[in-house]
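Secondary and tertiary structure notes
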Amino acid sequence: MSSTIELPAVEAELEKVPEFPQKNLEVLKEWVDAVPNLPPISDIKLIHFHFSCYYDMDKTKECILKYYDIFRNHPEFFYCRDITSKGSQTAMKLLDYAILPNRTPQGYQIIFQKLSTTDTREFDFCEGIKLLNMMLDGSLYLYGLAPGTVALLDYKNCSIGHMLKSTLPMWKVVIQFLETAIPVRLKGIYFINTSFYVKKIFMLLKPFLSKGIQEMLHFYQECELSSLKELFPPECLPEDYGGTLPSVEDLHSEFGEQMLQLRELFLQEEDEVKNPAQYKNKQKVGQAIINT
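Residues numbered from 1 in each chain as written. Predicted model: local features only at pLDDT ≥ 70, side-chain atom pairs only at ≥ 80, totals over all residues. Heavy atoms only, no water.

With that out of the way, let us pick up the packing of helix 4 (residues 57-73) against helix 9 (residues 168-180). Here helix 4 crosses helix 9 at 155°, and the two axes come no closer than 9 Å. Between helix 4 and helix 9, the angle falls in the class roughly antiparallel. Crossing handedness for the pair helix 4 and helix 9: left-handed. On helix 9, the residues touching Cys-63, Lys-66, Tyr-67 and Ile-70 of helix 4 are Val-173, Gln-176, Phe-177 and Thr-180. (Axes fitted to C-alpha atoms, helices over the stretch in contact; angles between N-to-C directions. Helix = DSSP H or I, 4+ residues; strand = E, 2+ residues; numbered from the N terminus. Parallel < 35°, antiparallel > 145°, perpendicular 65-115°, else oblique. Left-handed = near helix turned anticlockwise from the far one by under 90°. Contact = heavy atoms within 4.5 Å.)

Following this line, the structure appears as structure tokens:
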């Protein structure tokens, strides 16, 4: 089994963003400690939240509250973030995931998802979204801050049967999370190999999307993939898409190893969300011992 990774050092993350107002980090730490229903939040995660909100203190606090509120109230998307669980293993069999190792010329981190089969019998929308959430957090823990994050989603094998496995309330939760709670600067969501009905379904969701999210959605049919290389140079794409990175299969396998390294961290975060007071008390006792 792979060993647990070490999180990026605070100093290393702050070196990437010299404009980061470090005094705000102490203010946020005090605020988190004073909010009873918030779990203890690492300095690294607070940096990610504040960076994603462009250093706006009020927006950062709102983002943090939304993140943990959605986390706690929608266990189908956030609990049991365990790559060894039956649900995650089934999702890994039906979908290919990857945190692409090379960033775009703008420095954006790319996360990738692809339906690997047209079979819908075991497809679980919530498990698929859960792994996407794990990938977003994992990209930060593994690669650190990026000036932006983009999602590249291949819908070639997507059918009406897949779409029927989701409901409007499920999509509303996903949309709320994207709009108010993700700790990254989301710059674009690119759907490739889309059929006409996929775009039609997303059009039905349009009334629930903010203008900002609507502008981030881009759809490309199979005949339009040549324009993909204008957005993502070869060094940013898997070889299956004309790039120079390893194959999707190899990148997907690497993703599984990365999530295995993050397993204990994800499970600890979940336990802290469920029992915030218990873990905050542990922190205070530990700090008191250090200070004596």
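So much for the structure itself; the text now carries on.
So, about the packing of aromatic side chains. Applying the stated criterion across every chain, the model contains 21 aromatic pairs. Arranged with centres 6.4 Å apart and planes meeting at 25°, the rings of Tyr-68 and Phe-71 form a pair that is stacked. One end of the pair, Tyr-68, and the other, Phe-71, are both in helix 4, three residues apart, so they sit about a helical turn from each other. The two residues Tyr-68 and Phe-71 agree in class, both being buried. Relative to Phe-78, the ring of Phe-71 has its centre 5.0 Å away and its plane inclined at 25°; by these criteria the two rings are stacked. Pairwise contacts between aromatic rings join Phe-49, Tyr-67, Tyr-68, Phe-71, Phe-78, Tyr-79 and Phe-177 into one cluster. Above the face of the Phe-51 ring, Arg-185 is positioned so that its terminal group lies 3.7 Å from the ring centre. Over the ring of Tyr-54 we find Arg-185; its NZ or CZ atom is 3.7 Å from the centre of that ring. (Phe/Tyr/Trp six-rings, centres within 6.5 Å; stacked < 30°, edge-to-face > 60°. Buried < 20%, exposed > 50% of the residue type's maximum accessible area, 1.4 Å probe, protein only. Lys NZ or Arg CZ within 6 Å of the ring centre and 35° of its normal.)

A surface patch of negative charge is lined by Glu-239, Asp-240, Glu-249, Asp-250, Glu-254 and Glu-257. Assignment of secondary structure puts Glu-239 in the loop between helix 12 (228-231) and helix 13 (248-261). (Patch = residues over 30% accessible without salt bridge, like charges linked within 9 Å, V, L, I, M, F, W, Y side chains within 5 Å. Areas by Shrake-Rupley, 256 points an atom, 1.4 Å probe, with all protein chains shown as cover. Salt bridge = Lys/Arg side-chain N within 4 Å of Asp/Glu carboxyl O. Lys, Arg positive; Asp, Glu negative; His and termini not counted. Charge placed at Lys NZ, Arg CZ, Asp CG, Glu CD.)

Right, let's talk about the side chain of Glu-13 for a bit. By secondary structure assignment, the location of Glu-13 is in helix 1 (residues 10-16). Polar contacts involving the side chain of Glu-13 include one to the main-chain amide nitrogen of Leu-145, which spans 3.0 Å. Apart from residues lying up to four places away in sequence, Glu-13 is in contact with Pro-8, Ile-44, His-48, Gly-144 and Leu-145. (Polar contact = N/O pair within 3.5 Å; in protein donor to acceptor, adjacent residues only side chain to side chain.)

Close approach of charged atoms allows side chains with opposite charge to pair. Evaluation of the coordinates by the stated rule reveals 13 salt bridges. Residues Lys-45 and Asp-137 are paired through a salt bridge, measuring 3.7 Å at the closest nitrogen-oxygen approach. On the criterion of sequence distance, the pair formed by Lys-45 in helix 3 (residues 43-52) and Asp-137 in helix 7 (residues 125-143) is long-range, its members being 92 residues apart. In this structure, Asp-119 engages Arg-121 in a salt bridge whose closest nitrogen and oxygen atoms are separated by 2.6 Å. By relative accessible area, Arg-121 is classed as exposed at 70%. A single network of salt bridges, built from pairs that share partners, joins Lys-45, Arg-81, Asp-137 and Glu-269.

This part covers helix 13. Taking 1.5 Å per residue as the helical rise, helix 13 with its 14 residues ought to reach 20 Å, and the 20 Å between its terminal C-alpha atoms agrees with that figure. Regarding helix 13, the residues found buried are Val-248, Leu-251, His-252, Phe-255, Gly-256, Gln-258, Met-259 and Leu-260. Against the buried residues of helix 13 lie helix 6 (86-94), strand 1 (95-99), strand 2 (109-115), helix 7 and helix 14 (263-274). (Expected span 1.5 Å × (residues − 1).)

Another point: the layout of surface pockets. There is about 400 Å³ of room inside the largest pocket. Considering the residues around the largest pocket, the lining is formed by 19 residues, among which Ser-52, Leu-178, Glu-179, Ile-182 and Val-184 are closest to the centre. Listing elements by their share of the lining of the largest pocket, those giving two or more residues are helix 4, helix 9, strand 4 (186-192) and helix 11 (211-216). Looking at side-chain class alone, the lining of the largest pocket contains 10 nonpolar, four polar and five charged residues. (1 Å grid on protein atoms, 1.4 Å probe; cavity = no way out; pocket = protein on both sides within 12 Å on 5 of 7 lines; lining within 4 Å. Points joined across faces, edges and corners; volume = space filled by probe spheres on them. Nonpolar A, V, L, I, M, F, W, Y, C, P; charged D, E, K, R; others polar.)

Read these as spatial facts, not as claims about activity.
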